[in-house]
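If you want the building blocks of each chain, they are given just below.
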Protein chains: 2
Amino acid sequence: MNIIRNKMIDLKVLGDGRGNLIPIESGHDINFDIKRVYYLFGMQDGVVRGLHAHKKLKQLLVVTSGSCKVVLDNGLDKQEYVLSSPEKGLLIGPNTWREMSQFSQDCVVMVLASEHYDEGDYIRNYGDFLEYIADKTNG
Amino acid sequence: MNIIRNKMIDLKVLGDGRGNLIPIESGHDINFDIKRVYYLFGMQDGVVRGLHAHKKLKQLLVVTSGSCKVVLDNGLDKQEYVLSSPEKGLLIGPNTWREMSQFSQDCVVMVLASEHYDEGDYIRNYGDFLEYIADKTNG
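Quick summary incoming for the structure in this document. (Residues numbered from 1 in each chain as written. Chains lettered and ligands numbered in written order. Predicted model: local features only at pLDDT ≥ 70, side-chain atom pairs only at ≥ 80, totals over all residues. Heavy atoms only, no water.)

1. Some points on the side chain of His54(A)
Residues and elements named next belong to chain A.
Part 1 of the argument: Mapped onto the secondary structure, histidine 54 falls in strand S5 (residues 49–54).
Part 2 of the argument: By relative accessible area, which is 2% here, histidine 54 ends up buried.
Part 3 of the argument: Within polar-contact distance, the side chain of histidine 54 engages the side chain of histidine 52 at 3.3 Å.
Part 4 of the argument: Not counting residues up to four positions away in its chain, the partners in contact with histidine 54 are Gln59, Pro94, Asn95, Thr96, Arg98, Asp121 and Tyr122. (Helix = DSSP H or I, 4+ residues; strand = E, 2+ residues; numbered from the N terminus. Buried < 20%, exposed > 50% of the residue type's maximum accessible area, 1.4 Å probe, protein only. Polar contact = N/O pair within 3.5 Å; in protein donor to acceptor, adjacent residues only side chain to side chain. Contact = heavy atoms within 4.5 Å.)

2. What to know about the interface of chain A and chain B
Part 1 of the argument: Taken together, the 36 residues of chain A in the interface contact 36 residues of chain B.
Part 2 of the argument: For the pair chain A and chain B, the summed buried surface comes to about 3,200 Å²; carbon and sulfur atoms form 54% of the total.
Part 3 of the argument: The largest contributions to the chain A side of the interface with chain B come from Arg18(A), Tyr39(A) and Phe41(A), which together make up 24% of the buried area.
Part 4 of the argument: Our count for the contact surface shared by chain A and chain B stands at two salt bridges.
Part 5 of the argument: Linking Arg36(A) and Glu25(B) is a salt bridge whose minimum nitrogen-to-oxygen distance equals 2.9 Å.
Part 6 of the argument: For the pair chain A and chain B, the interface holds 17 residue pairs in polar contact (both at pLDDT 80 or more).
Part 7 of the argument: Broken down by secondary-structure element, the contributors of at least two residues to the side of chain A that touches chain B are strand S3 (19–25), strand S4 (36–41), strand S6 (59–65) and strand S11 (108–113) of chain A. (Buried area = accessible area lost by both parts, 1.4 Å probe. Salt bridge = Lys/Arg side-chain N within 4 Å of Asp/Glu carboxyl O.)

3. Description of the sheet that holds strand S3 (residues 19–25) of chain B
Hydrogen bonds along the backbone pair up the strands of a sheet, which may run parallel or antiparallel.
Part 1 of the argument: Pairing in this open sheet of seven strands is antiparallel, and the strands run S1(A)-S9(A)-S6(A)-S11(A)-S4(A)-S3(B)-S2(B) from one edge to the other. Both edges of this open sheet fall to strand S1 (7–10) of chain A together with strand S2 (14–16) of chain B, since each of them pairs with a single strand only. Averaged over all pairs of adjacent strands, the angle between strand axes in this sheet comes to 20 degrees, irrespective of strand direction. (Pairing = 2+ DSSP bridges. Axes fitted to C-alpha atoms, helices over the stretch in contact; angles between N-to-C directions.)

4. Details of the relation of the copies chain A and chain B
Part 1 of the argument: Once chain A has been moved 0.0 Å along the axis and rotated by 180 degrees, it coincides with chain B to within an RMSD of 0.0 Å. In symmetry terms, the pair is related by a two-fold rotation axis. Minimal C-alpha separation from the rotation axis in chain A is found for Ile34(A), amounting to 3.1 Å. (Least-squares fit on C-alpha atoms with pLDDT ≥ 70 in both.)

5. Quick look at the nonpolar core
Most often, soluble globular proteins keep nonpolar side chains buried together rather than apart.
Part 1 of the argument: The biggest cluster of nonpolar side chains holds 32 residues, and the ones touching the most others in it are Tyr39(A), Leu60(A), Leu112(A), Tyr39(B), Leu60(B) and Leu112(B).
Part 2 of the argument: Elements supplying a minimum of two residues to this core: S3, S4, S6 and S11 of chain A together with S3, strand S4 (36–41), strand S6 (59–65) and strand S11 (108–113) of chain B.
Part 3 of the argument: When sequence neighbours within four positions are dropped, the list of residues in contact with Tyr39(B) reads Leu11(A), Asn20(A), Leu21(A), Ile22(A), Ile24(A), Val62(A), Thr64(A), Pro86(A), Met110(A), Val108(B), Val109(B) and Met110(B). (Core = buried A, V, L, I, M, F, W, Y, C linked by side-chain atoms within 4.5 Å.)

6. Structural notes on unusual backbone geometry
Excluding glycine, residues mostly have negative phi values, and the peptide bonds linking residues are mostly trans.
All names here are of chain B.
Part 1 of the argument: Not every positive phi belongs to a glycine, and leucine 51 is a case in point at roughly 55 degrees.
Part 2 of the argument: Its location among the elements puts leucine 51 in strand S5 (residues 49–54).
Part 3 of the argument: By relative accessible area, leucine 51 is classed as partly exposed at 35%.
Part 4 of the argument: Although it is not a glycine, asparagine 95 adopts a positive phi angle of roughly 60 degrees.
Part 5 of the argument: Relative to the assigned elements, asparagine 95 resides in the loop between strand S9 (88–92) and strand S10 (97–101).
Part 6 of the argument: Using a relative accessible area of 3% as the deciding quantity, one classes asparagine 95 as buried.

7. Let's talk about the side chain of Gln59(A)
Part 1 of the argument: With respect to the helices, strands and loops of the structure, Gln59(A) is situated in strand S6.
Part 2 of the argument: For Gln59(A), the contacting residues outside a window of four places in its chain are Phe32(A), Tyr38(A), His54(A), Leu90(A), Leu91(A), Ile92(A), Arg98(A), Val111(A), Leu112(A) and Ala113(A).

8. A closer look at the environment of Glu80(B)
All names here are of chain B.
Part 1 of the argument: Relative to the helices and strands, glutamate 80 resides in strand S8 (residues 78–83).
Part 2 of the argument: With ten residues separating them along the chain, glutamate 80 and valine 70 place their C-alpha atoms 5.8 Å apart.
Part 3 of the argument: Setting aside chain neighbours within four positions, we find glutamate 80 in contact with Lys69, Val70 and Val71.

Here's what the structure looks like:
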């Protein structure tokens, strides 16, 4: 199992005197078709979001306004990212526990996901996540 | 030809003490598959963007931060919208000339589009647009 499939990427900015445009073509600029888009806003001080992993779903996370912290955890190692630019995207693969925190008041997080919503694809308990990873690693 | 297919919609907000989440499922919450996502930011004062129509492409436009004005023109009538909430989406059908202006400094516009980028789908001259619409209406 390739458990580390997360990475920060530089997005292609089409900028001119009118401002900036970043296009993301489904299946081209990212290696999956976009089945679901969601965005987060209005997070209160001290809130932690995420706290789950996916068995299958891949996603690209972009902080289009403001900033926040994202910690990704593959069951062995944790990596911390500070996202504060609409020009950066964080690709998050399956089998990754994610925690998002330190949202600025103006923070908006846009997520492009490879799957439609499916509760069965979520692992919402950290102990279950570690067991799931251990099974995969040993299996 | 149904030339008026534009409308403002209320998006489904999943809100709780942690903040708000708005999900848009490709082909479910909008009546097309999402082939391309793009977003605009860093617009300068006085800038006008858009200034084109599409022959086929449909899109959902959401102002996730800040505000701007959008004028939609079907060749016969113009309609003006002020977008200033991440909870509102503007569905824009084909055969619609669009002009975007009055961007606040913090404005971010997210667009979910039904087609991959195809220059052949754009009409970039307003005179050509009016001719195209007249041909369609009479044809």
